Amino acid sequence: CHRGRGGFSLTSKGELFLMTPGTTDKPERPELGNGGIASLNWSADGSRLALGRDNGHLILMDGKGKTLKDVVAHSGTIRHVEFAGDGKTLWTAGDDIAVQQLDVTTLEPKLSVTDHTSPIIALAVDPTGKRVASAEADHVTFIRYVESNTVQWTRRGHRISALAFSPDGKTLAMVEQRRVIMLYDVEERRELKRLSGNPSRIMDMLWHPNGEALLCLGDLGTLRVWGIERGNLLASANAGRGRPTALGLGKNGTLVVTGGMDPGGSAKVFDLGPKRVE
């Protein structure tokens, strides 16, 4: 989803489907050629869409699905694409163990991180642009200062499957052992809270834009909204039993989109309402 404009994108069997505001209900389907799509993400203003492919290609599109750039950015599958908060840079990572910061206009590398020794499982970019966090398959997570390209701290021996910075960049959420969400004070490297009421594997996780709630999607089809202050469950919904895999949040935090892997393909849209989550 792109939060400001209210549209969203989905991918299925190598095809891209775009729903944009002010158009018909029929999605646009840009022609991308052969190959799968392993990751995608919108810029905060909805003007750019980045696609990571299983052939190492990185595609940058405008908001209507027109290809602006198509480059080979990695030697393996690109499993993570994240825009920096200011929209000027794009972060990518994948199976070739590289983490890269790219200029969003040229897609030329600005920074390459070489600390990892196994494929990247999770990637998160601080919305303020100060830090980037990445976790690898061999259970090592790095939290790095972007400007100096130095490691602030390292967490070893923990199986991390998802990472997400809070909107103010002060808190890092980590999905540990697939079910528990750990909240860390990034500056002090201090555990703040555990959200441990998820009965199944967490497939995806996002912060609400107000910073007061986390949304997570379980592989048994449950969408949950957790309150940060009390660590309590605020809401839940059925996202389908077709092995949900993707979670998107748009329209200033009121629109939630999930995608699943049942034989016919599935997408569900939820409305959190006009008021902020409390």
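This text gives an overview of the structure that appears in the document. Here the structure is a predicted model, which is why all the values come from computation and not from measurement. (Residues numbered from 1 in each chain as written. Predicted model: local features only at pLDDT ≥ 70, side-chain atom pairs only at ≥ 80, totals over all residues. Heavy atoms only, no water.)

## Thoughts on the sheet that holds strand 18 (residues 190-195)
Rule in force here: Pairing between two strands is assigned when DSSP locates at least 2 bridges connecting them. What counts as a helix is a DSSP run of H or I of at least four residues, what counts as a strand is a run of E of at least two, and both are numbered from the N terminus. Angular values range over 0 to 180 degrees, each being the angle between N-to-C directions of two axes fitted as lines to C-alpha atoms, with helices fitted over their stretch in contact.
Taken together, four strands build an open sheet; the order of strands is 15-16-17-18 and the sheet is antiparallel. Each end of this open sheet is capped by a strand with a single partner; those strands are strand 15 (160-165) and strand 18. Ignoring which end each strand starts from, the neighbouring axes of this sheet average 25° apart. As paired elements, strand 17 (residues 180-185) and strand 18 share five bridges and run antiparallel to each other. What sits directly across from Asp185, in strand 18, is Arg190.

## Here's the deal with the sheet that holds strand 12 (residues 131-136)
Taken in spatial order, the four strands line up as 11-12-13-14 in an open sheet, and their pairing is antiparallel. One side of each edge strand has no neighbouring strand; the edge strands of this open sheet are strand 11 (120-125) and strand 14 (150-156). Put simply, the sheet's adjacent strands are angled 15° from each other on average, direction ignored. As defined by bridge partners, strand 13 (residues 140-145) adjoins strand 14 across six bridges and the pair is classed as antiparallel. Looking across to strand 14, one finds that Thr141 is bridged to Arg155.

## Quick word on empty space enclosed by the protein
To be explicit about the condition: Of the grid points, spaced at 1 Å and generated over the protein atoms alone, those admitting a 1.4 Å probe that cannot get out make up cavities, while open sets with protein on both sides within 12 Å along at least five of seven lines make up pockets; any residue with an atom within 4 Å of a point is treated as lining. Grid points are joined across faces, edges and corners, and a volume is the space filled by probe spheres set on the points. Polar here means any residue other than Ala, Val, Leu, Ile, Met, Phe, Trp, Tyr, Cys and Pro, which are nonpolar, and Asp, Glu, Lys and Arg, which are charged; Gly is therefore polar.
By the definition in use, this model includes one cavity of 30 Å³ or more. The computed volume of the largest cavity comes to approximately 30 Å³. As for the largest cavity, its lining consists of Val99, Val113, Val132, Ser134, Phe142 and Arg144. Secondary-structure elements contributing two or more residues to the lining of the largest cavity are strand 12 and strand 13. Here the lining of the largest cavity is composed, by residue class, of four nonpolar, one polar and one charged.

Everything listed here is a matter of geometry and, on its own, says nothing about what the molecule does.
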